[in-house]
Amino acid sequence: MKKILIILSVFAALASCKKDIQNLNEGPKLYTDVPPATLFSNAQKNLADIHTSSSVNRNIFRLIVQYWTETTYTDEANYDLTTRSLPDQLWNIIYRDIIVNLEKAKTLIPQQDPQVVSDIVKKNETAMCDITEVYAFSMLVNTFGNIPYTDALKVDSIVQPKFDDAQTVYYTLLTRLDAAIAQLDNTDAGFEDADLIYGGSIDKWKMFANSLKLKLAMVIADSDPTKAKTLVEQAAPNVFTSNGDNATFQYLGNTPNTNPIWVDLVQSGRHDFIACKTLMDKLNTLVDPRIPLYLVPNANGVYIGAPAGLKSSFTAYASPSEQMLETTFPGDLLDYSETEFLLAEAKERGFNVSGTAEDHYNNAIRASILYWNGSDADATTYLASANVKYATSQGTWKQKIGLQKWIAEYNRGYDAWIDVRRLDYPEMAVPDKAQSGFPNRFNYPVKEQNVNTTNYDEAVKAMGGDDKVEVKLFWDKF
């Protein structure tokens, strides 16, 4: 279980020596095709890595939503997305390393020996690929807006793909997700040990897919409340019910399956990140029990956060916790805590889901504290605080849920970025040397601008004429 090595360089095995020089390039020990299970595993790992990474070359979302800020090189905390070509990096990883692997796996699944792999397993495997692909494409839409979709993978015939309308793509993804859910058959498994998240459990995949549907539906709750309501009410009875259902990727602690944060911050010997004042002030005010679970104190034993984007001393401020830096610390793609926050929000919006907003809010906070190895008693005490209790905490329901969800998503900066844009809370401080307003999207990659220029120009025009980070996406109405 989960010990499959994701090393595609296996295909570069040395060719055997042969006397016939004409056969030297045939590679008799090379696979003629990649097993679909290997491609699926590789896509899962790449998806987990890009979510979990703390590299300023790949994932700066913890900086954007001001969980962390930087010590010496503060470009990214100041919303500089271009110096390190961050849009290009994210774009390439999702298209090339995740979606292409999934598409290739789907073409190979039907070719598996029917004596070894049943038709039900093949259907399940195809559905699992589609669900993961919906997740990946939704990241692209929610990051950039209009994206290549219809033409995106026709690389043999279309080298300059057109950009599809973001809302159209998003709604297509929701339809694809429904089709994949309907295709899942729990009378058999899918990918088994090659599924590095659920070990082939179709029951778990059904819950994951419905929880993803709930999440994607709530993203459009402001722009299309009628559609969101329908989708939420369909998904809600079948979503996660405990932390045991979480879509976590368990890193094994051995190269290349090591927690990316350990690679970035421990193996590298760097001290680039410290707690941001925006986060630390909130946690301290609330006397949040997750403080020592999220962070370690400064050299004087005090939990202090640095102003966003300001050059600061590493030893003067709190920094990422020891458990985050463990080689085996898992990546988190979607979890029970987030699901409960979404259900709390759904109740406040008048959607027909079970329970009360307060119950779901409490469940979400408790699940987060327990996930981070806090105690049930800690959660009970915290929820009884007047500043946390749903009935007495300050603000609108959006502010209450928005604040606590942001805190709970501490190691999931990308998802927190979506929610900060959706719920408009908590408010982010203006960084010390901000290069722009708050990023509501990423600029398009430079390669698209320079190589796919005509389609790029049309995409920008369709989104209002500016390829700027301040431009709001179709669902961001307030």
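Heads up: the structure comes first, above all this text.
Residues numbered from 1 in each chain as written. Predicted model: local features only at pLDDT ≥ 70, side-chain atom pairs only at ≥ 80, totals over all residues. Heavy atoms only, no water.

Peer 1: Report on the environment of Val266, specifying residues and quantitative values.
Peer 2: Topologically, Val266 is positioned in helix 8 (residues 260-267). Looking at Val266, the relative accessible area reads 36%, which means it is partly exposed. The residues touching Val266, leaving out its near neighbours within four places in the chain, are Ile261 and Leu325. (Helix = DSSP H or I, 4+ residues; strand = E, 2+ residues; numbered from the N terminus. Buried < 20%, exposed > 50% of the residue type's maximum accessible area, 1.4 Å probe, protein only. Contact = heavy atoms within 4.5 Å.)

Peer 1: Break down unusual backbone geometry for me, citing the residues and quoting the values.
Peer 2: A cis amide bond, omega 5°, links Thr255 with the succeeding residue Pro256. Structurally, the position occupied by Pro256 is in the loop between strand 2 (247-249) and helix 8. Note that the residue after Tyr425, namely Pro426, is joined by a cis bond; omega there is -5°. Topologically, Pro426 is positioned in the loop between helix 15 (413-423) and helix 16 (446-451). Phi at Phe191 takes a positive value of approximately 65°, unusual for a residue other than glycine. By the secondary structure assignment, Phe191 is in the loop between helix 5 (166-183) and helix 6 (202-219).

Peer 1: Any details on the layout of surface pockets? Residues and values, ideally.
Peer 2: In this model, the largest pocket occupies a volume close to 390 Å³. If you trace the largest pocket, you find 17 residues lining it, with Trp91, Ala152, Pro161, Lys447 and Glu448 closest to the centre. Sort the elements by how many residues they give to the lining of the largest pocket and helix 3 (residues 86-108) lands first, with five residues. A per-class count over the lining of the largest pocket returns eleven nonpolar, three polar and three charged. Roughly 260 Å³ of internal volume is contained in the second largest pocket. Contributing to the lining of the second largest pocket are 15 residues, with Leu286, Asn387, Gln394, Leu403 and Tyr425 lying nearest its centre. At the level of elements, helix 9 (277-286) and helix 14 (397-408) are the ones that each hand at least two residues to the lining of the second largest pocket. Split by residue class, the lining of the second largest pocket holds five nonpolar, seven polar and three charged. (1 Å grid on protein atoms, 1.4 Å probe; cavity = no way out; pocket = protein on both sides within 12 Å on 5 of 7 lines; lining within 4 Å. Points joined across faces, edges and corners; volume = space filled by probe spheres on them. Nonpolar A, V, L, I, M, F, W, Y, C, P; charged D, E, K, R; others polar.)

Peer 1: Residue-level account of empty space enclosed by the protein, with values.
Peer 2: The full count for this structure, using the stated rule, is three cavities of 30 Å³ or more. As a volume, the largest cavity reaches approximately 110 Å³. If you go around the largest cavity, you meet 15 residues; those closest to its centre are Asp332, Asp335, Tyr371, Trp372 and Ala408. The element that contributes the greatest number of residues to the lining of the largest cavity is helix 12 (residues 357-371), accounting for three residues. Considered class by class, the residues forming the lining of the largest cavity number six nonpolar, four polar and five charged. Within this model, the second largest cavity holds a volume of roughly 80 Å³. The wall of the second largest cavity is formed by His51, Tyr135, Ser138, Met139, Asn142, Leu212, Lys215, Leu216, Val219, Tyr414, Asp415 and Ile418. At the level of secondary structure, the elements contributing two or more residues to the lining of the second largest cavity comprise helix 4 (119-144), helix 6 and helix 15. Class assignment of the residues belonging to the lining of the second largest cavity gives a composition of seven nonpolar, three polar and two charged.

Peer 1: Please give an account of the packing of helix 4 against helix 15 that cites residues and values.
Peer 2: Running from amino to carboxyl end, helix 4 crosses helix 15 at an angle of 50°, the nearest separation of the two axes being 11 Å. As summarised for this structure, helix 4 and helix 15 are arranged oblique, according to the angle between their axes. Crossing hand, helix 4 versus helix 15: left-handed. Every residue of helix 15 that contacts helix 4 at Ser138, Met139, Asn142 and Thr143 is listed here: Tyr414, Trp417, Ile418 and Arg421. Residue composition of the contact of helix 4 with helix 15, grouped by class: four nonpolar, three polar and one charged. (Axes fitted to C-alpha atoms, helices over the stretch in contact; angles between N-to-C directions. Parallel < 35°, antiparallel > 145°, perpendicular 65-115°, else oblique. Left-handed = near helix turned anticlockwise from the far one by under 90°.)

Peer 1: So what about the packing of helix 5 against helix 6? Which residues, and what values?
Peer 2: Between helix 5 and helix 6, the shortest axis-to-axis distance is 10 Å and the interhelical angle comes to 160°. Taken together, helix 5 and helix 6 sit at an angle that is classed as roughly antiparallel. Crossing hand, helix 5 versus helix 6: left-handed. Judged by residue contacts, Tyr170, Leu174, Leu177, Asp178 and Ile181 of helix 5 engage Ala209, Asn210, Leu212, Lys213, Leu216 and Val219 from helix 6. Considered class by class, the residues forming the contact of helix 5 with helix 6 number eight nonpolar, one polar and two charged.

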